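Analysis of the macromolecular model
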Amino acid sequence: MRLRIRPASRLQGAHRVPGDKSLSHRALLFAALAEGTSRLSGWLPAADCEATLRCVRALGIPVERLGPGDLCVHGRGLQGLRAPIAPLDCGGSGTTMRLLMGILAGFPFPSILTGNAQLSRRPMERVAEPLRRMGAEVHTTDGHAPVFVRGGALRGLRYRLPMASAQVKSALLLAGLYAEGPTTVIEPAPSRDHTERLLAAMGATLERDGEGVTVHPGPRLRPLDLHLPGDPSSAAFLLAAAVLIPGSAVRIPGVLLNPTRLGFVEALQAMGAPVAVAVEGEIAGEPVGTLTACAADRLGPLEVSGPLVPRMIDEFPIFAVVATQAEGTTRVRDAAELRVKESDRIAALAAELRRMGARIEEHPDGFTVHGPTALRGAVVHSHGDHRLAMALAVAGLVAEGGTTVEDAGCIGDSFPGFVETLQALGAEVEALEDPPRP
Ligand code: S3P
């Protein structure tokens, strides 16, 4: 699929975004380990989460589907997974593979986890190595998928993560539910803490101190009755479009507002954009509410480094687009993790935004953008990366002339309905099927 985008005059209106991806993976996986039936609505029916659903079913957990995002999960308790009869296909989803590695480390049967070519390029030793220290047998393929896991009697571990990663932290906390003694994970900077909040809401025993988070081996997990809030990482594209396009005003209700996910909103505010956060309630220990954004009169540059980086780790593609419109030099450092996401986001962003006229330099751990530049419409490529595809689509709304984003089907990995949402807000965006190959 390709996207064709025309410059937008203004975006206006209120629109919801689909359920949060991180919470959708976790709610389903943890419901599978709970004692009894969980009901999940607003669950994200996107390719990455469908991979988790396939794996959960392959591990013997019955899941009824009452609608695309409406699931009934018949959990069988912490010990209730069954040996899969075939490799578990995680598709392109790093969260699926890494969290499952942690859970399967608690089971004595052997499992193999596989993924598509893109996922098979991403590092898995960061999870395998500490799980081995806990006593699990884990083999990677030169550090990558396919991954073999056979768990057993695990020992609790005190582990200092070399990088801020919620996926690695979550894998170790989940394995900690099955270990003898406490497991403590210490991060260089706080990453998203959904695993901690959701497990605690289900009855697990977790403690935080200044340094890290500790989980104690597993009391029974209570089932969930959860309506999942919208994904702030999807909302980010709409906020950015509203900030960049004169005359715009956009409201997004029902969004997850966990502070570990709001770094991009902080960054926009620091650049002078009129963006507001209104917390209106709580779901399973997570703040939820409304995000609003209006067109900015002027955007200033920003230096992004240190603990802000993990709080906006998925938003750097759209942040780079915003930076092209800021007056001055915007620098991102301490973000080498961007090189091992769905694409090498530093290299891919620099290559594609340059096609549109942006002045952007790559660094080993980030990038520098000199703004403002008048972007030109161009034919650009997603590199198979959903967040890059959507960021380039927003760049197309701001650019002069038409833009085509090639290979944009990957948007369905996290934001089904992206095109329709932009259209509803007033943008001229069109999804075109690829011509049949001869
Ligand atoms: C995620 C954690 C982050 C993030 C990813 C989702 C999660 O990855 O980039 O999109 O749900 O735990 P890392 O743990 O690799 O930083």
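Residues numbered from 1 in each chain as written. Predicted model: local features only at pLDDT ≥ 70, side-chain atom pairs only at ≥ 80, totals over all residues. Heavy atoms only, no water.

Concerning the environment of H383
Our working rule: Comment: elements are numbered from the N terminus, with helices defined as DSSP H or I runs of at least four residues and strands as E runs of at least two. Residue burial is assigned from relative accessible area. The probe radius is 1.4 Å, only protein chains are included, and a residue is buried under 20% of its type maximum, exposed over 50%, and partly exposed in between. For the purposes of these results, a polar contact is taken to be a pair of N or O atoms within 3.5 Å, where, inside protein, one atom must be able to donate a hydrogen and its partner to accept one; residues adjacent in sequence count only when each atom of the pair is a side-chain atom.
Checked against the element boundaries, H383 lands in the loop between β24 (379-381) and α12 (386-398). Overall, the relative accessible area of 34% leaves H383 in the partly exposed class. With 110 residues separating them along the chain, H383 and A273 place their C-alpha atoms 29 Å apart. Within the structure, H383 has its side chain in polar contact with the side chain of E352 (distance 2.7 Å).

A short note on the domain arrangement of the chain
Filter applied, for reference: Domain ranges listed in this record stem from an automatic or a database domain assignment. Only heavy atoms matter for contacts: two residues are in contact if any of them lie within 4.5 Å across the pair. A simple way to read buried area is as the amount of 1.4 Å-probe accessible surface that goes missing from two parts once joined, with both sides added. Salt bridges are counted wherever a side-chain nitrogen of Lys or Arg sits within 4 Å of a carboxyl oxygen of Asp or Glu.
Once the domains are mapped, the chain shows domain 1 (2-19 + 229-432) and domain 2 (21-214). Taken together, the contact between domain 1 and domain 2 spans 30 residues of the former and 25 residues of the latter. In total, domain 1 and domain 2 occlude about 2,100 Å² of area from one another, counting both sides; carbon and sulfur atoms represent 50% of this. Viewed at the interface, domain 2 and domain 1 are joined by 4 salt bridges.

Some thoughts on the site of the ligand
Under the convention used in this document: Near is defined per residue: the residue qualifies when any heavy atom it owns lies within 4 Å of the molecule or strand. Per-residue accessibility takes into account occlusion by the displayed protein chains alone, with areas from the Shrake-Rupley method and a 1.4 Å probe. In this count, Pro and Cys sit with the nonpolar residues alongside Ala, Val, Leu, Ile, Met, Phe, Trp and Tyr, while Asp, Glu, Lys and Arg are called charged and the others, Gly among them, polar.
Taken together, S22, R26, T95, R98, A164, S165, A166, Q167, R192, I313, D314 and K341 form the complete shell of residues around the ligand. D314 places a side-chain nitrogen or oxygen 2.6 Å from an oxygen atom of the ligand. In the complex, the protein chains occlude 95% of the 390 Å² of accessible area that the ligand would expose alone. Going through the elements one at a time, α1 (21-33), α3 (94-104) and α5 (166-176) are the ones with two or more residues in the shell around the ligand. Of the residues assigned to the shell around the ligand, the class counts are 3 nonpolar, 4 polar and 5 charged. Two domains share the shell around the ligand, each providing at least three of its residues, namely domain 1 (2-19 + 229-432) and domain 2 (21-214).

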